[in-house]
Amino acid sequence: MGPPPPTGRYFTVHLVEQNVIDLRSDTVTRPSAEMRESAAEAPVGDDVYRDDPTVNELESRAAALAGTEAAVFVPTGTMGNQAAIRTHTERGQELLCDEQAHVYKWELGGIPQLSSVQPRIVDAGDRAVPTPAQIREGYVAEDLHRPGTGLVTLENTHNSRGGVAVPKEHVDVAADAAHDLGVPVHLDGARLPNACVALDTDPAEMLDRVDTAMFCLSKGLGAPVGSVVVGPEEFVAGARRVRKLFGGGMRQAGVVAAPALDALENIDRLAEDHANAERLAAELDDIAGLAAPNPDTNLVIVHTDGLGVTGETFADACGERDVAFSAFDDHTCRLCTHLDVDERDIDEAVDRIAAVAEELR
Ligand SMILES: *Cc1c(COP(=O)(O)O)cnc(C)c1O
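Okay, so let's go over this structure. Values in this document were obtained by computation on a predicted structure and should not be read as measured data.

Cut-offs used in this document
Residues numbered from 1 in each chain as written. Predicted model: local features only at pLDDT ≥ 70, side-chain atom pairs only at ≥ 80, totals over all residues. Heavy atoms only, no water. Buried < 20%, exposed > 50% of the residue type's maximum accessible area, 1.4 Å probe, protein only. Helix = DSSP H or I, 4+ residues; strand = E, 2+ residues; numbered from the N terminus. Arc of directions from axis to C-beta. Contact = heavy atoms within 4.5 Å. Polar contact = N/O pair within 3.5 Å; in protein donor to acceptor, adjacent residues only side chain to side chain. Expected span 1.5 Å × (residues − 1). Near = heavy atom within 4 Å. Areas by Shrake-Rupley, 256 points an atom, 1.4 Å probe, with all protein chains shown as cover. Nonpolar A, V, L, I, M, F, W, Y, C, P; charged D, E, K, R; others polar.

Quick word on helix α14 (residues 311-320)
Two residues of an α-helix separated by three or four positions point the same way, owing to the 3.6 residues in each turn.
Here's step 1: Those residues of α14 lying buried are G311, F314, A315 and C318. Along the axis of α14, the buried positions cluster into a sector of 95°, meaning they face one direction only. What points out from α14, more than 90 degrees from its buried face, is the exposed set E312 and E320.
Here's step 2: Packing partners of the buried residues in α14 comprise β10 (323-324), β11 (326-329), β12 (332-336) and α15 (343-360).
Here's step 3: Looking one or two places after α14, you find D322, whose phi comes out positive at around 70°.

See below:
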């Protein structure tokens, strides 16, 4: 027997001992002792043959949570979104989305690369999802010269716009506008559980007017690996074929589905991450030279213009002081709270960041 398996909390201490507070993303969490145990004990089979009981259980739990007929387990959110896009569309069509959408901006041009689909972007601004008018204006009807709009995608929470929790009404009216044009809607819900906790709703409710969605188990929920695509039975069967095409047909995947099942228990506690993010933003906003608006969820955006330095310079300087986070834009940084940081870590991070800001002022 080696040392006891680390828990999330153990690793917080561990990181503090190492002197690093890691706020780069909610993907940096380590699996808890319980998750490691679940992985070790999971009944498994070959999931490509649909023989893995743990994956099957995860897929049915995810579908129930989302209020959809079916779900398919995928290794990453990126694969989930891109498989959904491929399943919804035909080669040559257009996909309409916000210009800051993850599917457009951060997935290596997967829309054209993997689906031969052309993105048409609109600026959704602070609302984070396109308005019905933007959808109607961006829609392209199929004719001899034009390929037609094959899909509208929405994102909730919206990552690049600062973890915005998009209210259900805004999702609904966008979905209705697309459906009126005969266009299906996919929701990139990498952090859908955060949106639901922030808005005091549940995934089934949030998704009831969209056709399909993806959500990650590996972000705020703390699973080591995995996301799910949810939707109608026939769609999910199609997405399962595309998953195979993209190289995501996994075998004894119950080993990773088991900790992902444990992760589903972590939905309600996301409220703690949101409270920590609020605390972090308020404290950073009090530091001269920094501005940090009150966040909706677990992503804190910090503006560094007041210090006269770029986001990158600031993030690098804080990294030297053992607070890790990323530059987001020219003069902004993004800090993310998660399962492995608590209030004390937040306060310690603020002290270190304040010292860096003072040096730069
Ligand atoms: C992280 C993220 C993804 C991709 O998930 P991965 O598991 O990192 O591939 C997709 N969409 C949004 C909004 C995300 O934040």
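A word on the environment of K168
Here's step 1: Inspection of the secondary structure assignment puts K168 in helix α8 (residues 168-180).
Here's step 2: As a C-alpha pair, K168 and D340 span 172 residues in sequence and 29 Å in three-dimensional space.
Here's step 3: Setting aside its immediate chain neighbours within four residues, K168 contacts E205, M206, D208 and R209.
Here's step 4: At 2.5 Å, the side chain of K168 forms a polar contact with the side chain of D208.

A few points about α15
Here's step 1: A rise of 1.5 Å per residue sets the reference length of α15, with its 18 residues, at 26 Å; its end C-alpha atoms lie 26 Å apart and thus fit the reference within 8%.
Here's step 2: Listing the buried residues of α15 in full gives D345, I346, A349, V350, R352, I353, V356 and A357.
Here's step 3: At the N-terminal boundary of α15, the capping side chain belongs to D342, with an oxygen 3.1 Å from the backbone nitrogen of R344.

So, the site of the ligand
Here's step 1: In the neighbourhood of the ligand, 14 residues make up the surrounding shell, with G77, T78, N159, D188 and K219 lying closest.
Here's step 2: Here an oxygen atom of the ligand sits 2.8 Å away from a polar atom, N or O, in the side chain of K219.
Here's step 3: A total of 390 Å² of accessible area belongs to the ligand in isolation, and the protein chains cover 85% of it.
Here's step 4: When contributions to the shell around the ligand are tallied by element, the ones reaching two or more residues are α4 (77-88) and β7 (212-216).
Here's step 5: Here the shell around the ligand gets three residues from one element, more than from any other, and that element is α4.
Here's step 6: Of the residues contributing to the shell around the ligand, the split by class is three nonpolar, six polar and five charged.

Concerning unusual backbone geometry
Here's step 1: For the peptide bond that leads from N156 to T157, omega is -5°, which places it in the cis range.
Here's step 2: Note on placement: T157 falls in the loop between β5 (149-155) and α8.
Here's step 3: A positive phi angle, close to 50°, is found at S116, a residue other than glycine.
Here's step 4: With respect to the element layout, S116 can be found in the loop between α6 (110-115) and β4 (118-122).
Here's step 5: A positive phi angle, near 55°, is found at D200, a position not held by glycine.

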